[in-house]
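# Examination of the molecular architecture
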Amino acid sequence: MTKPLTPAEALVRAVDALVAQGFAVVARNTRGDSVYLKPDACAFALRVSNHARTPKQRKNHPDAITSLVLRDPTSEAALEAQVAVALRNFAGERAKREQVIEP
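Let us look at the structure shown here. (Residues numbered from 1 in each chain as written. Predicted model: local features only at pLDDT ≥ 70, side-chain atom pairs only at ≥ 80, totals over all residues. Heavy atoms only, no water.)

### Observations regarding the layout of surface pockets
- In this structure, the largest pocket spans a volume of roughly 200 Å³.
- The wall of the largest pocket is formed by Arg28, Asn29, Thr30, Arg31, Ser34, Tyr36, Thr54, Lys56, Gln57, Asn60 and His61.
- Within the residue set of the lining of the largest pocket, elements represented by two or more residues are β2 (34-39) and α2 (55-60).
- The element that contributes the greatest number of residues to the lining of the largest pocket is α2, accounting for 3 residues.
- Residues of the lining of the largest pocket, tallied by class, amount to 1 nonpolar, 7 polar and 3 charged. (1 Å grid on protein atoms, 1.4 Å probe; cavity = no way out; pocket = protein on both sides within 12 Å on 5 of 7 lines; lining within 4 Å. Points joined across faces, edges and corners; volume = space filled by probe spheres on them. Helix = DSSP H or I, 4+ residues; strand = E, 2+ residues; numbered from the N terminus. Nonpolar A, V, L, I, M, F, W, Y, C, P; charged D, E, K, R; others polar.)

Laid out in structure tokens, this is it:
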């Protein structure tokens, strides 16, 4: 049985998985525990962190429409599932926000 990933390890692996899906890191806080990623030519970001967004983060990154929060140790399989859910949530929220309403 493999040892669970720490939140810091999971964050690195989640960012790597998102980069492999076509996202690019566009911002990172000084502690390195919040990373913002965007797909190419997209106005919206997906946030990966070990904590919920603070009011300051909401103000500085209003483009973050989805967050993947990794607070607890996790397995590789659970992390893959969390990344998949974050991608699905991002795609759904992006589609809603980009939807053009016809008059």
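### Description of helix α1 (residues 7-20)
- If you check α1, its first and last C-alpha atoms are 20 Å apart, about what 14 residues at 1.5 Å a residue would give, namely 20 Å.
- Among all positions of α1, only Ala10, Leu11, Ala14, Val15 and Leu18 are buried. Around the axis of α1, the buried residues are gathered within 135° of arc, so they sit on the same side.
- Lining the buried residues of α1 we find β1 (23-28), β2, β3 (45-49), β4 (64-69) and α3 (76-98). (Expected span 1.5 Å × (residues − 1). Buried < 20%, exposed > 50% of the residue type's maximum accessible area, 1.4 Å probe, protein only. Arc of directions from axis to C-beta. Contact = heavy atoms within 4.5 Å.)

### Here we look at the pattern of salt bridges
- In the structure shown here, the tally under the stated rule is 6 salt bridges.
- A salt bridge links Glu76 to Arg13; the shortest N-O distance between them is 1.8 Å. You can see Glu76 sitting in helix α3 and its partner Arg13 sitting in helix α1, a full 63 residues away along the chain.
- The salt bridge partner of Arg97 is Glu93, with a shortest N-O separation of 2.8 Å. Of this pair, Arg97 and Glu93 both sit in helix α3, separated by 4 residues, roughly a single helical turn.
- Taken together, the shared-partner salt bridges in this structure form one network comprising Glu93, Lys96 and Arg97. (Salt bridge = Lys/Arg side-chain N within 4 Å of Asp/Glu carboxyl O.)

### Digging into the nonpolar core
- Counting residues in each nonpolar core, the largest one holds 20 residues, and the members touching the most others are Val48 and Leu70.
- With 5 residues, the single largest contributor to this core is α1.
- Not counting the four nearest positions on each side in its chain, Val48 is found in contact with Leu11, Ala14, Val15, Leu18, Asp33, Ser34, Val35, Leu37, Leu68 and Leu70. (Core = buried A, V, L, I, M, F, W, Y, C linked by side-chain atoms within 4.5 Å.)

### Looking at the packing of α1 against α3
- Where α1 meets α3, the axes come as close as 10 Å, and the angle between the chain directions of the two elements is 50°. With respect to their mutual orientation, α1 and α3 come out oblique. With respect to the hand of their crossing, α1 and α3 are arranged in right-handed fashion. For the pair α1 and α3, contact is made by Ala10, Arg13, Ala14, Ala17 and Leu18 and by Glu76, Leu79, Val83 and Leu87, respectively.
- Here the residues of the contact of α1 with α3 sort into 7 nonpolar, no polar and 2 charged. (Axes fitted to C-alpha atoms, helices over the stretch in contact; angles between N-to-C directions. Parallel < 35°, antiparallel > 145°, perpendicular 65-115°, else oblique. Left-handed = near helix turned anticlockwise from the far one by under 90°.)

### Focus: the side chain of Thr74
- For Thr74, the location among the structural elements is in the loop between β4 and α3.
- Given a relative accessible area of 10%, Thr74 falls into the buried group.
- Setting aside chain neighbours within four positions, we find Thr74 in contact with Pro4, Leu5, Ala10, Leu79 and Gln82.

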